[in-house]
Amino acid sequence: MTKQITSLDAGWTLRLAGVQAPGGLDRLLDEPVPARVPGCVHADLLAAGLIPDPYRDLNELEVAWAGRADWRYDTALARPPAGFERTDLVFDGLDTVARVLLDGRELGRTRNMHRSYRFDVTGQVREGSALSVRFTSAYTEAEALKERLGERPNEYPEPFNYIRKMAASFGWDWGPTLVTAGIWRPVRLESWSTARLATVRPLVTVAGGDGRIEAHVELERTPSGAERELTLTIETAGRAAAHAVPAGAGSAVAVLEVPRPALWWPRGHGDQPLYDCVVVLSDAGTGQVLDRWQRRVGFRTTELDRSPDEHGTAFTLRVNGRPVFARGVNWIPDDVLPARLTPERYRHRLRQAAEAGVDLVRVWGGGIYEDHAFYDACDELGLMVWQDFLFACAAYPEEQPLRGEIEAEARENVTRLAPHASLVLWCGNNENLWGFRDWNWEPRLAGESWGEGYYLGLLPRVVAELDPTRPYQAGSPWSGSWDHHPNDPAHGPSHFWEVWNRRDYTDYLNDVPRFAAEFGWQAPPAYATLREWLGDDPLTPSSPGMLHHQKAEDGNGKLDRGLARHFAVPGDFDRWHYLTQVNQARAVATGVAHWRSHWPVCAGTVVWQLNDCWPVTSWAAIDGAARPKPLYHELRRLYADRLLTFQSRDGARVLAVDNQSPAPWRDEALVRRVHADGTVLAEERVPFDVPPRSVALLPLTVAEFKEAGEEVLIADAGELRDVVLGRPDKEFAYPPADFDLRLDASGGTLKVVITARSLVRDLLLQADRLGPAAAADRGLVTLLPGESVTITVSGAPSGPGAGEEAVRAALFCVNAAGG
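As the structure is a prediction and not an experimental result, all values here were calculated from the model.

Criteria and thresholds
Residues numbered from 1 in each chain as written. Predicted model: local features only at pLDDT ≥ 70, side-chain atom pairs only at ≥ 80, totals over all residues. Heavy atoms only, no water. 1 Å grid on protein atoms, 1.4 Å probe; cavity = no way out; pocket = protein on both sides within 12 Å on 5 of 7 lines; lining within 4 Å. Points joined across faces, edges and corners; volume = space filled by probe spheres on them. Nonpolar A, V, L, I, M, F, W, Y, C, P; charged D, E, K, R; others polar. Pairing = 2+ DSSP bridges. Helix = DSSP H or I, 4+ residues; strand = E, 2+ residues; numbered from the N terminus. Buried < 20%, exposed > 50% of the residue type's maximum accessible area, 1.4 Å probe, protein only. Axes fitted to C-alpha atoms, helices over the stretch in contact; angles between N-to-C directions.

Engineer: Tell me what's going on with empty space enclosed by the protein, and back it up with residues and numbers.
Structural biologist: Scanning the model with the defined rule gives six cavities of 30 Å³ or more in all. Estimates place the volume of the largest cavity at around 60 Å³. Taken together, Pro202, Val204, Gly298, Arg300, Ala418, Pro419, His420, Ala421, Thr469 and Arg470 make up the full set of residues lining the largest cavity. Of the residues belonging to the lining of the largest cavity, the class tally is five nonpolar, three polar and two charged.

Engineer: Please set out the pairing of strand β41 (residues 749-756) residue by residue, giving values where relevant.
Structural biologist: Pairing of strand β40 (residues 739-746) with β41 involves eight bridges; the strand directions are antiparallel. Each residue of the ladder has a partner; that of Arg742, found in β41, is Val753. As paired strands, β41 and strand β45 (residues 788-794) are joined by seven bridges and run antiparallel to one another. Within β45, the position partnered with Lys751 by the bridge is Thr792.

Engineer: Which residues make up helix α16 (residues 630-638), and what values do they have?
Structural biologist: The element α16 is largely enclosed, with a buried count of seven among its nine residues. Of all the positions in α16, only Pro630, Leu631, Tyr632, His633, Glu634, Leu635 and Leu638 are classed as buried.

Engineer: Account for the sheet that holds strand β14 (residues 210-221), with residues named and values stated.
Structural biologist: With respect to topology, three strands assemble into an open sheet ordered β13-β14-β17, the strand pairing being antiparallel. Looking along the sheet, the strands with just one partner apiece sit at the ends: β13 (195-207) and β17 (251-258). Between one strand and the next, the sheet's axes are offset by a mean angle of 20 degrees, whatever the strand orientation. As paired elements, β14 and β17 share eight bridges and run antiparallel to each other. Among the inter-strand pairings, His216 is bridged to a residue of β17, identified as Val253.

Engineer: Could you give an account of the layout of surface pockets, with specific residues and numbers?
Structural biologist: By volume, the largest pocket amounts to about 1700 Å³. Glu634, Arg637, Arg721, Asp722 and Val723 are the residues nearest the centre of the largest pocket, which is lined by 49 residues in total. Elements with a minimum of two residues in the lining of the largest pocket: α15 (573-596), α16, β33 (642-649), β34 (652-659), β39 (720-725), β42 (760-765), β44 (781-783) and β45. Residue classes in the lining of the largest pocket are distributed as 17 nonpolar, 14 polar and 18 charged. Around the second largest pocket, the lining comprises 40 residues; the ones closest to its centre are Asp92, Ser116, Arg188, Ala198 and Glu412. Going through the elements one at a time, β8 (117-120), β12 (187-192), β13, β14, β19 (289-297) and α7 (402-417) are the ones with two or more residues in the lining of the second largest pocket. In terms of residue class, the lining of the second largest pocket is made up of 14 nonpolar, nine polar and 17 charged.

In structure tokens, the structure reads:
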């Protein structure tokens, strides 16, 4: 009989299993509340109205007790289908430390959020059987292991490095501390006979234009099926191949050759054809189908060029043999309660990334191995995935039980994610090799284990064994060996955090890394997001809610010092909010444009970060309510196939014409030196013809300022523009901004036409001030006198809420009158 699945996602309840709760909530010891599965304790308590929303105001502190409590989930089972030899209870994810009981009998214990669990319950499930999952607080487990194994360095105060759980649950410099528990991924009964597919691991390769799939299969058999011959069939692209599995065999490899498949490419390099791959297990004697596995695969090759050269050591991704400049973003869990993430939410956020020109998403090591829905969307959108193994910013003990858990976790997730064409790189950790060298870990460890054996031993061995089709990088940053500093920009991927923490973003110009894997600058979320989630009145940078939703050490101080280098001190909150968002966009633009201009020496930039997990002041381009910041729109410019920027080479200003498109770029740039009053002081036309995937650096004759405090350089080619001032904004002789405004509301959108009467620097329409659903189609724009721009607003309210007075109040620029 074919395997049958019975979902167990309905009918669960939640109650306390220990620890007193505040405010009389200890009644939860006896009075359960409905529980959603997949889900978590915090979400269930919120749905029941028993806790305030932890994302609002200071409520995070009020719900901290929930992370210290023990909990139990209960449901009653129906009798499983009859006629099968075997019944398994399968949990795709338990968060984290749990005992699983059936009718009071313990089936097993778990201690890893990142693994699935299977229990043989054959003959044990009757109608109404009581299934209970008892969760012990993750703190209890982590602190007990810490006590046994000893202190290990950790850049954050919580013990996340002693438990295999999403590290960001314990708080981060952009996230709240919400230590979750619950059945966070689906649960089911599987009924089967004879044999089943325990794992399927397709290795997809391309050679000489022809494709090949090797389906490596692990089998589990019942006693009666142990000596039966089986047949394994693999099908894809209209072709099929059968493989005989002899009696007693516990594994098999089925191979399918696919002549001339269409290749999968990253977005901007080609299409993303995907093929259904089906693996069927059947009884060779009867022909009865026993089990079936299906995923989509793509045919492509991926390599990491780490060749030594005159600049150091390369770090260049090659897909189908083509070197790629990676236009990347770092991804954190999109919700600190990750069980709430849906396929639709994943797809929306990743589509936002693709529409900003992103072609690589790095899944950061303090989060989770995401749901298949995440990788499915990346497969379809052409977003390459750099997948960290889940280690971040701490020393991790290598003793048991952690070592065994980590190997099992790595093996399961390498196998689980193998089908996805978008996955191009495995990475061992985030910043731990760097931390050992630079963060005073070595003397504090005094010879104790700290994770090096994982990153340089266990994990590369697992990847080499299970997924030889993809490269492995020991860490980010990592220079390839201890012969170089781990964060040496000349060797491998680098992280740039002296900028932001201590230095101005202009210092990005001092380095040409082989690959910039982390860099960024903070800004607050959209104004409407702040108003939705904070009750502060008045709202100020240092009001209680704003400070609580700023998790970075001295975050506001760094924001203010960063502003002071470029702008006069803002006079009110609205001006501070606007200028911090401008500064964020300019900081990232400085790094990306400079590093892109050094392709192919620099082979990628991965901005920290794309997204947020709650409403917070952070480095994100898209805030916790899914609203784009000005940085998001700036990424659309910076990550477009074609980019025009002023750069410096050997002390002279040049025009960098960056063509990452597949076609030659032939055009002419107009370069002007313009007075602040709009008078053109000098100009030149610079023709260019730039081959695909290359950069041209063009000398200029009008690029030197005469009166730097009153002059601006502007380069235009088609719709592309770059602007450079002769002095920092606070020293520049700006005229007061003057512009005309015309509104056209029709067809469900509002078109805002702005015509400049003066120089207008970094004009921004904060559309969400018109209404929480309103969104503008562009970010910062600089206009010369006589120039116009049309901003299209979707979701704007009707009536005076989107009239001229309201629109003017939502428009900001650097040289606003009185600013």
